[in-house]
Amino acid sequence: MSKRQTRRAGPAAAKLGELDEGELVRRAQLGDAAAFGVLITTYQEVIYRLAVRTAGYEAAEDLAQVAFLKAWEALPRFAGDAAFSTWLYRIALNSCYDYLRRSAKQRFEPLDDLALAVPDQQDVAAQVIATAEDAERRAALVAALAKLPADERALLALRVGEGWSYEQIATTFAINSATVGTRLFRIRARLRQLVRQQLGVEGDDGE
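Residues numbered from 1 in each chain as written. Predicted model: local features only at pLDDT ≥ 70, side-chain atom pairs only at ≥ 80, totals over all residues. Heavy atoms only, no water.

A. Spatial organisation of the pattern of salt bridges. Within the structure shown, the criterion is met by seven salt bridges. Residues Glu-23 and Arg-27 are paired through a salt bridge, measuring 3.0 Å at the closest nitrogen-oxygen approach. Taken together, the residues span about one helical turn, with Glu-23 and Arg-27 both in helix α1 (residues 21-29) at a distance of four residues. Accessibility expressed as a relative area gives 23% for Arg-27, which makes it partly exposed. Salt bridges linked by common partners bring Glu-23, Arg-26 and Arg-27 together as one network. (Salt bridge = Lys/Arg side-chain N within 4 Å of Asp/Glu carboxyl O. Helix = DSSP H or I, 4+ residues; strand = E, 2+ residues; numbered from the N terminus. Buried < 20%, exposed > 50% of the residue type's maximum accessible area, 1.4 Å probe, protein only.)

Here it is, written out as structure tokens:
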């Protein structure tokens, strides 16, 4: 925990939920733990989902807690150059990457629906999935996603699972929007190829 003085919640704490995010961040930077608690409540579910999809169920809860602890400690240095949410997601992603590097684990939870991972109606994978049994397509997706690097799974999770815009992803990954589009195209193409292999689909898809 940060060495800065932590302010206890006072009578006004009940109204913290009425404050905008900018004011909550400002108060948290001054050591207001109650204000930071509201921020945790706001983002805990999305941070947990991101950790699950990047590092797996086993470590997700701990990684989410680590991310919030790191954010609390780093808040005095948060300059507001990016949105608080972007800054927090970057901390969470880096925590997941650190964990995976230390443990050399590649466990994760797949996206809820393979169709979401390849939303383009013209995508060959969509045609493949349409002919597969639910259990079979899920198994194929699990195996395919396991072969993607953690950063690619995270990028896909933010775009597909969380519905982020290219601009939001670009800011979080410190790349430009065009690069996001290019990377997503390549990830989907690779995922499509891997799924086809897992399902035993014959033929060249042009990759």
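B. Examining the packing of aromatic side chains more closely. In the structure shown here, the tally under the stated rule is seven aromatic pairs. Pairwise contacts between aromatic rings join Tyr-43, Phe-78, Phe-84, Trp-87, Tyr-89 and Trp-164 into one cluster. (Phe/Tyr/Trp six-rings, centres within 6.5 Å; stacked < 30°, edge-to-face > 60°.)

C. Fine view of the confidence of the model for the protein chain. Taken as a whole, the protein chain shows an average pLDDT of 77; of its residues, 73% reach a score of 70 or greater. Helix α5 (residues 114-117) is the least confidently modelled element of the protein chain, averaging 36 in pLDDT, while α1 averages 92, the highest of any element. Residue range residues 8-14 is modelled with pLDDT below 50. Its contacts to residues more than four positions away, or to other chains, number one contact. (pLDDT = per-residue confidence, 0-100. Contact = heavy atoms within 4.5 Å.)

D. Just the side chain of Thr-172, in detail. Here Thr-172 lies in helix α9 (residues 166-173). Residue Thr-172 is classed as buried on the basis of its relative accessible area, which comes to 4%. Ignoring sequence-local partners within four residues, the contact set of Thr-172 consists of Thr-86, Tyr-89, Arg-90, Leu-93 and Trp-164.

E. Highlighting unusual backbone geometry. With phi around 60 degrees, Ala-174 is a residue other than glycine that occupies positive phi space. Examined against the element boundaries, Ala-174 turns out to sit in the loop between α9 and α10 (177-199). Judged by relative accessible area, which is 65%, Ala-174 ranks as exposed.

F. Broad picture of the nonpolar core. Core analysis: the biggest nonpolar cluster contains 57 residues, and Ile-47, Leu-75 and Phe-84 have the highest contact counts within it. Put simply, the parts of the chain that give this core at least two residues each are α1, α2 (33-55), α3 (57-74), α4 (84-103), α7 (134-146), α8 (150-161), α9 and α10. With eleven residues, the top contributor of residues to this core is α4. Residues in contact with Ile-47, not counting those within four places in the same chain, are Ala-64, Ala-67, Phe-68, Leu-88, Tyr-89 and Ala-92. (Core = buried A, V, L, I, M, F, W, Y, C linked by side-chain atoms within 4.5 Å.)

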